[in-house]
Amino acid sequence: MDIQFTEEQELLRSSVQRMLRDQYSFEARRKIVTGEEGWSRKQWNGFAELGLLAAPFSEESGGLGGGPLSTMIVAQEFGRHLVVEPYVETVVLAGGLIEHAGTDEQKQALISDIIAGQKIWALAWTEKGARFDLANVATAARRDGKDYILSGEKTAVIAAPWADYLIVSARTAGKRDDRAGVSLFVVDARAANLDLRSFKTIDGRRAAEIAFRDVRGELLGSEGEGVALLEACRDRAIGALCAEAVGAMAELNSATLEYSKTRKQFGVTIGSFQVLQHRMVDMFIAHQEALSLMQHLSLSLGAGESGVSRLASGVKSKIGYAGRFIADQAVQLHGGMGMTDELNVGHYFKRISSINIQFGDPAHHLLRYVQLDAAA
Amino acid sequence: MELALSPEDAAFRDEVRAFIAENYPKEMRVPNPETDLTKEQSLLWHRILYKKGWIAPLWPREYGGPGWSITRRFIFEQETSRAGTLPPLAFSVTMVGPVIYTFGNDAQKQKFLPRILSGEDWWCQGYSEPGSGSDLATVRTKAVRDGDHYIVNGHKTWTTLAQHADWIFCLVRTDASAKPQASISFLLIDMKSPGVTVRPIITIDGSHEVNDVFLEDVRVPVENLIGEENKGWTYAKFLLGNERTSMAGIGRSTRYLDRLKKIVNAEITADDPAHLEFRKEIGRIELDVLALEATELRVVAQMARGIDPGPAASLFKIRGTEIFQGITELTHRAIGNYGLALREQPLSANQFMPGPDYGHTATEKYLNARKLSIYGGSNEIQRNIIAKAVLGL
């Protein structure tokens, strides 16, 4: 497992770093987040120009063929800067589903618009009471000519208020909880009879509760295979979200260390207290281990290894607990300042909290990791 | 998880694997190799590796090392530990050997190195004293020059397997007036010298691993001084760096986890809520092992490219020992009431132990593993090292 990045990958990393350093300061981000829209089309166009929206797609799809490793590199830097624009939702979730399940026609029409920065996407899979179960789907779809008509409700759909299109999971057969019988549909986010109630998320994004009342959708992938497609999609999303978390953890650690070297109490810097030194060593170790697992998962995703889904759950769990530990301690060591909205530390805390909910919390994934253990 | 290996390195891995399978002595496959083998039995594998030329992976070729790359050393370490072989005595091969070939003179190299390789000499470590644990610079054992000898007086403790040892390498104070670190020398002492007394210390698991070593007017030839007088602290720190390199213990932890899963399945029925609780705890430790393994591979890959890993060894020591302690604790819990029993030392064939075989060493392992976070620089000292060297605190 030699993580020697190629020249191309190093170039990708350094160009993302440069762009974010110049254009995505914490103050710039605050303006974006508190603005009317809550995201920046200007930034998004910048991502497109830099090729970030093309990076993971295969060359056949018009992308740069960077795969999960390029997603990891981009997401890690986005995590460092708390980027709110819907990269994971548009490129990793929707883009990945279209690339893996779409017809040639769909791929050509939809992926080129994503790469060009023209369209924003969101994935609507969560339902009330379903928690993190991809198969727990009550939203129904019935066939109507070559299209389908969708009815039902989705909850907490991240980036939906910004989206041009949604990918919606809906039941074409079976009963709620059945693995079989779930299908995926592309839906125009501005379709008539689509009711979208927007709210702000803890990490400065927008999400929505969505009600579909006879909304027209186009099938994506084969009918009834939605859960398997979503599972693979979740594995890729975990790769990206974990990389964001690792980026955020690195920033929290360096901010905390810096603070401990300047903040004085009892006439000395608080970093001179052994109890805090050891705490920061444990934060350092937690980040190192998370970084190693993040790379291991991205390599395994790229190699398409069997058992990668179990690994993804394990990594989501371990990085989730590590992130929570680091975020807790970063706030604690910053004292009252860590509680303020003014300082970035609390915002990293909230981003990590959000990541820990998306696609399942650390306890959920630990359980899944254990239950998928063939040896036990 | 595997390193991406070149075809040559992959062939080497297969060769190591096959060699272990064919040559590891059956006699050494006992319930607890660390306590159940006689001195002669524990040297069997050492002698086989010596004949093969694989006894000292770390050593340069000119002193009898195999001349392996960092990657091959790692492969060898990984394969031998996965196979559950008893590692050759660290005090000889990975500790005092490198000190002698790095800081010793030609006569010392010629005298000692071949006997370390062959297993003829068994070494123990004379560092800790009753008043000097983590604060090693305060050692009080005194060596006073008397012609071409030193007269040594002092009390070393926690000396592992001194009961088998032919030689002891000691930190001794040679200049009472200087600063603590600047007055320590590194001295090699023949355990058969008059005035050396070994007294067993029995630990909470009932085993006899460690000892007190009393030194009373022991006459040590000046030629047994390593390097320069009063420079011993430098050599000691060098040695402690070596001690911590393979502390991640991935192979061992993986073997013990597999065993733990079998024990849990045998002891607790699947419909008992405790079964799932155990499996979740095992799952968390398994992920800890995976994270440490991925970190180790990352560091090995960096080292192979010539990048200094810094105090990575401290990280491996902390996490490797915490993980293994966790596994032994869970194993002890898994056997339930049988965890009340402890094998009696010295062992005898007709001793009665209750419960299934797999539980017979669980209690002693659990108790014995408490030492891991204490020895080799306690885990608190390791955190101090990282705080200083990495975090700049």
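These numbers were taken from a predicted model, which means no experiment stands behind them.

1. Focus on the overall build of chain B
Step number 1: Per the secondary structure count, chain B includes 13 helices and eight strands.
Step number 2: Taking 21 Å as the expected radius of gyration for a compact globule of 393 residues, we find that chain B reaches 22 Å, a close match to that expectation.
Step number 3: For chain B, the C-alpha atoms occupy an extent of roughly 75 × 50 × 50 Å along the three principal directions.
Step number 4: Expressed as a percentage of its 393 residues, the buried residues of chain B come to 41%.
Step number 5: Excluding contacts between residues fewer than 6 apart, the proportion of contacts in chain B whose partners are at least 24 apart in sequence is 71%.

2. Details of the overall build of chain A
Step number 1: Of the regular secondary structure elements, chain A holds 11 helices and nine strands.
Step number 2: Relative to a compact globule of 376 residues, whose C-alpha radius of gyration would be 21 Å, chain A shows 21 Å and is just as compact.
Step number 3: By its C-alpha atoms, chain A is 75 × 50 × 40 Å across when sized along the principal axes.
Step number 4: Considering only intrachain contacts with a sequence separation of at least 6, the fraction spanning at least 24 residues in chain A is 73%.

3. Description of the confidence of the model for chain B
Detail in the predicted coordinates should be disregarded across regions flagged by low pLDDT.
Step number 1: Scored by pLDDT, chain B comes out at a mean of 94, with 98% of its residues at no less than 70.
Step number 2: Here the predicted complex scores 0.95 on pTM and 0.96 on ipTM.

4. Notes on the environment of A:Thr256
Residue and element names in this part refer to chain A.
Step number 1: Inspection of the secondary structure puts Thr256 in helix H7 (residues 226-262).
Step number 2: Here Thr256 falls in the buried class, since 25 other C-beta atoms lie within 10 Å of it.
Step number 3: Sequence separation between Thr256 and Ser25 is 231 residues, and the spatial gap between their C-alpha atoms is 18 Å.

5. Here's the deal with the interface of chain A and chain B
Step number 1: Between chain A and chain B, the residue contacts involve 27 residues of the former and 27 residues of the latter.
Step number 2: Listed by contribution, the elements that provide at least two residues to the side of chain A that touches chain B are helix H8 (274-303), helix H9 (308-334) and helix H11 (362-371) of chain A.
Step number 3: At 12 residues, the largest contribution of residues to the side of chain A that touches chain B is made by H8(A).
Step number 4: Residues of the side of chain A that touches chain B, tallied by class, amount to 14 nonpolar, 10 polar and three charged.

6. With respect to the environment of B:Ala304
Step number 1: Position of B:Ala304 relative to the elements: it lies in helix H10 (residues 273-304).
Step number 2: If sequence neighbours within four positions are ignored, B:Ala304 has contacts with B:Ser69, B:Ile70 and B:Thr71.

7. Here we look at the pairing of strand E2 (residues 142-146) of chain B
All names here are of chain B.
Step number 1: Sheet topology places E2 next to strand E3 (residues 149-156); five bridges connect them, and they run antiparallel. Among the inter-strand pairings, Arg145 is bridged to a residue of E3, identified as Tyr150.
Step number 2: Linking E2 to E3, which pair antiparallel, is a turn of two residues; within it Gly147 sits at a positive phi near 65 degrees.

8. Topic: the packing of helix H4 (residues 67-81) of chain A against H7(A)
Each packed pair of helices is defined by two parameters, the angle between the axes and the distance between the axes.
Residues and elements named next belong to chain A.
Step number 1: Between H4 and H7, whose axes approach to 7 Å, the crossing angle comes to 35 degrees. For H4 against H7, the interelement crossing comes out right-handed. The segment H4 lies against H7, with Pro68, Thr71, Met72, Ala75, Gln76, Glu77, Phe78, Gly79 and Arg80 engaging Arg236, Gly239, Ala240, Ala243, Glu244, Ala245, Val246, Gly247, Ala248, Ala250 and Glu251.
Step number 2: Tallied by class, the residues present in the contact of H4 with H7 amount to 10 nonpolar, five polar and five charged.

9. Quick look at the pairing of E3(B)
All names here are of chain B.
Step number 1: Burial along E3 is one-sided: the residues Tyr150, Val152, Gly154 and Lys156 are buried and none of His149, Ile151, Asn153 and His155 is.
Step number 2: Note that E3 and strand E7 (residues 210-221) share seven bridges and pair antiparallel. Looking at E7, one finds that His155 is bridged to Phe214.

10. Let's talk about the environment of B:Gly154
Residues and elements named next belong to chain B.
Step number 1: Structurally, the position occupied by Gly154 is in strand E3.
Step number 2: Overall, Gly154 belongs to the buried group, with 21 C-beta atoms counted inside 10 Å.
Step number 3: A C-alpha to C-alpha distance of 34 Å links Gly154 and Phe324, two positions 170 residues apart in sequence.

11. Concerning unusual backbone geometry
Step number 1: Here the amide bond leading from B:Gln345 into B:Pro346 is cis, since omega sits at -5 degrees, within 30 degrees of zero.
Step number 2: Residue A:Arg131 is not a glycine yet carries a positive backbone phi of 45 degrees.
Step number 3: Given 11 C-beta atoms within 10 Å, A:Arg131 falls into the exposed group.
Step number 4: Phi angles above zero are rare outside glycine, and A:Phe266 is one such case at about 55 degrees.

12. Quick look at H7(A)
Step number 1: With 37 residues, H7(A) should reach 54 Å at 1.5 Å per residue; the first-to-last C-alpha distance of 53 Å fits that figure.
Step number 2: Taken across its 37 residues, H7(A) has 28 buried, putting it largely inside the fold.

13. Section: H11(A)
Step number 1: Residues A:His365, A:Leu366, A:Tyr369 and A:Val370 constitute the buried set of H11(A). Buried residues of H11(A), seen end-on, are gathered within an arc of 140 degrees and therefore sit on one face of the element.

14. Concerning the packing of helix H1 (residues 7-23) of chain B against helix H5 (residues 70-82) of chain B
Residues and elements named next belong to chain B.
Step number 1: Across the interface, H1 lies against H5 with an axial gap of 10 Å and an inter-helix angle of 30 degrees. Between H1 and H5, the crossing angle belongs to the class labelled roughly parallel. H1 and H5 meet at a crossing whose hand is right-handed. Residues Asp9, Phe12, Arg13, Val16, Arg17 and Ile20 of H1 touch H5, and the partners they reach there are Thr71, Arg72, Ile75, Phe76, Glu79 and Thr80.

Thresholds, definitions, all that
- Residues numbered from 1 in each chain as written.
- Chains lettered and ligands numbered in written order.
- Predicted model: local features only at pLDDT ≥ 70, side-chain atom pairs only at ≥ 80, totals over all residues.
- Helix = DSSP H or I, 4+ residues; strand = E, 2+ residues; numbered from the N terminus.
- Rg over C-alpha atoms; globule rule 2.2 N^0.38 Å.
- Buried ≥ 20, exposed ≤ 12 C-beta atoms within 10 Å, placed from the backbone.
- Contact = placed C-beta atoms within 7 Å.
- pLDDT = per-residue confidence, 0-100.
- Nonpolar A, V, L, I, M, F, W, Y, C, P; charged D, E, K, R; others polar.
- Pairing = 2+ DSSP bridges.
- Axes fitted to C-alpha atoms, helices over the stretch in contact; angles between N-to-C directions.
- Left-handed = near helix turned anticlockwise from the far one by under 90°.
- Expected span 1.5 Å × (residues − 1).
- Arc of directions from axis to C-beta.
- Parallel < 35°, antiparallel > 145°, perpendicular 65-115°, else oblique.

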